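Architecture at a glance
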Amino acid sequence: MPRYVGVMSGTSLDGLDIALIDQGNRPTLLAHHYLPMPAALRAELLSLCASGPDELARAAIAEQHWVTLAAAGIATLLAREGLLASDIRAIGSHGQTVRHEPARGFTVQIGNPALLAELTGISVVADFRRRDVAAGGQGAPLVPAFHESLFDDHEQPCAVLNVGGFSNLSLLTPGQAVRGFDCGPGNVLLDAWIQQQRGESFDRDGAWAASGILHKELLQRLLSDPYFRTQGPKSTGRELFNLPWLQQHLHSLPPLAAADVQRSLLELTARSIVESLQQAQSDTAELLVCGGGAHNAALMQRLGELLPNCQVASTASRGVPPDWVEAMAFAWLAHCCLEHIPANRPSVSGAKGPRVLGAIYPA
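Each value, and the rule that gives it
- Going along each chain's sequence as written, the residues are numbered from 1 onward.
- The predicted nature of this model means local features are confined to residues of pLDDT at least 70 and side-chain atom pairs, given and counted, to a pLDDT of 80 or more, with totals for whole chains, interfaces and linings taken over all residues.
- In computing side-chain properties, one takes all heavy atoms of the structure into account and sets aside hydrogens as well as water.
- Strand pairing is defined by DSSP finding a minimum of two bridges between the two strands.
- Going along the chain from the N terminus, every DSSP run of H or I of four or more residues is numbered as a helix, and every run of E of two or more is numbered as a strand.
- Every axis corresponds to a line fitted to the C-alpha atoms, with the helix fit spanning only the stretch in contact, and the corresponding angles, defined between N-to-C directions, vary from 0 to 180 degrees.
- In this description, contact between two residues means that some pair of their heavy atoms is separated by no more than 4.5 Å.
- UniProt positions are given in the numbering used here, feature names are shortened, and annotations may be inferred rather than shown by experiment.
- The term polar contact refers here to a pair of N or O atoms within 3.5 Å; inside protein, the definition further demands a hydrogen-donor-capable atom paired with an acceptor-capable atom, and it admits residues adjacent in sequence only when both atoms are side-chain atoms.
- Just to be clear on terms, a salt bridge is a Lys or Arg side-chain nitrogen sitting within 4 Å of an Asp or Glu carboxyl oxygen.
- A simple rule labels every residue: compare its accessible area, found with a 1.4 Å probe on the protein chains alone, to the largest value its type can have, and call it buried under 20%, exposed over 50%, or partly exposed in between.
- Aromatic pairing here means that ring centres of Phe, Tyr or Trp (its six-membered ring) are within 6.5 Å. Orientation follows from the plane angle: under 30 degrees is stacked, over 60 is edge-to-face, and everything else is tilted.
- Whether a charge sits over a ring comes down to the Lys NZ or Arg CZ being within 6 Å of the ring centre and within 35 degrees of the ring normal.

1. Some words on the sheet that holds strand E12 (residues 311–314)
Paired through their backbone hydrogen bonds, the strands of a sheet run either parallel or antiparallel. Spatially, E10-E9-E8-E11-E12 is the arrangement adopted by the five strands of the open sheet, whose pairing is mixed. Where the open sheet ends on each side, the last strands, each with one partner, are strand E10 (179–185) and E12. Strand after strand, the sheet turns through a mean of 20° between neighbouring axes, direction not considered. Pairing geometry for strand E9 (residues 166–172) and E10, over six bridges, is antiparallel. Across the sheet, residue Ser167 finds its bridge partner in E10, namely Gly184. In the packing of helix H5 (residues 144–151) onto the sheet, contacts are made with strand E8 (158–163), E9, E10 and strand E11 (286–290), and the angle to E9 comes to roughly 50°.

2. Regarding the UniProt feature "binding site: ATP" (unreviewed entry) in the protein
Sequence positions flagged by UniProt for "binding site: ATP" (unreviewed entry) are, in local numbering, Gly10, Thr11, Ser12, Leu13, Asp14, Gly15, Leu16 and Asp17. You can see Gly10 is positioned in the loop between strand E1 (3–8) and strand E2 (15–23). Note that Asp17 resides in strand E2. The residues contacting Asp17, other than those within four sequence positions of it, are Gly6, Val7, Met8, His33, Tyr34, Asp323, Trp324 and Ala327.

3. Focus on the side chain of Ser276
Secondary-structure assignment places Ser276 in helix H10 (residues 258–280). Within the structure, Ser276 has its side chain in polar contact with the backbone oxygen of Ser272 (distance 2.7 Å). Each residue touching Ser276, except ones within four places of it in the same chain, is listed here: Leu169, Phe181 and Cys183.

4. Section: the pattern of salt bridges
Per the stated rule, a full pass over the model turns up 14 salt bridges. Two residues, Asp127 and Arg130, come together in a salt bridge whose shortest N-O distance is 3.0 Å. Residue Asp127 is classed as partly exposed on the basis of its relative accessible area of 26%. The salt bridge partner of Glu267 is Arg271, with a shortest N-O separation of 2.8 Å. Taken together, the residues Glu267 and Arg271, both in helix H10 and four residues apart, mark about one turn of the helix. When salt bridges that share partners are traced, they join Arg263, Glu267, Arg271, Arg302 and Glu305 into one network.

5. Re the packing of aromatic side chains
The full count for this structure, using the stated rule, is six aromatic pairs. Pairing Phe228 with Phe241 gives two aromatic rings, centres 5.4 Å apart and planes at 35°, and the pair type is tilted. Pair noted here: Phe228 is in the loop between helix H8 (216–223) and helix H9 (243–250) and Phe241 is in the loop between H8 and H9, with a separation of 13 residues, a long-range link. Relative to Trp245, the ring of Phe241 lies with its centre 4.9 Å away and its plane at 85°, an arrangement referred to as edge-to-face. By the burial criterion, Phe241 is buried, and Trp245 matches it. These aromatic residues form a ring-pair network of at least three members: Tyr227, Phe228, Phe241 and Trp245. Across from the ring centre of Tyr227, 4.3 Å away, lies the NZ or CZ of Lys234, which sits over that ring.

This is the structure we're talking about:
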């Protein structure tokens, strides 16, 4: 069976996930590797998410560093597995999203796939989102079709929840086309707040959030954002949900304990997920969680409490490690591109029709 490598760098910017899959009837994870994002590169990528001086040159230099990191990680993974570049049919590279504004007709992922092909000696498939946007779609989320290929084998309605920087749902209803959309912030605000207040990159197990007290008025204000009242297809990013957005709401309230803000942000993530799920698929029997949020014990507990009639579990319960689902998805998307298989879902993105996604950079 052909082997593919998927490289995923998400909105949390914590690092690069690299997955090696065997593409048979159903993608199988063979091996994986993780590379932490260097602090200087992370800071530069974050700064590129907003307008600034000399953006084009800075983005070109940043993506060279990103690709060098990815190529080194792929080389490490292949060497560990005793594989050569010639053993891999293609790399599916997501790149790093720095802007996502489908309402204005564009989404931007940097990642210089030509350089990645040059450094690895492996064909690269990249730029998956723009074809869907060109066809009138949101360009995101892209993972529902992959979730469908992995988990759509039960008779009861199921949902797959990815909680990275942002959270997105894939809705798998027997006999219906897969649906999906971005719910709102996943870890992005939780990470930004703990970084600002405590100098920590993330809230391990949600422990700091669990130590705080929910501030109901703050939660109400956060949930009043118009995004939460819209229905899919929809997608979002740092352009909307960011630290200034949070601070704008905080400025209209008396000073709050920092841990209480963190607790309220965790509740925002949980409630926006649950309310979206209940509105779109109220009879969901099983919610499978992947991404970094699957390790947040406080968040998983709240999801279970808010969904008492639904089984909430990590995708590990189905034999797929939650940390590697997205990287696997981009390996699978590379396979779909090379085989001319449409990999978007108009029921998810709102595109005019099915499209083959990605651009090919031969080795």
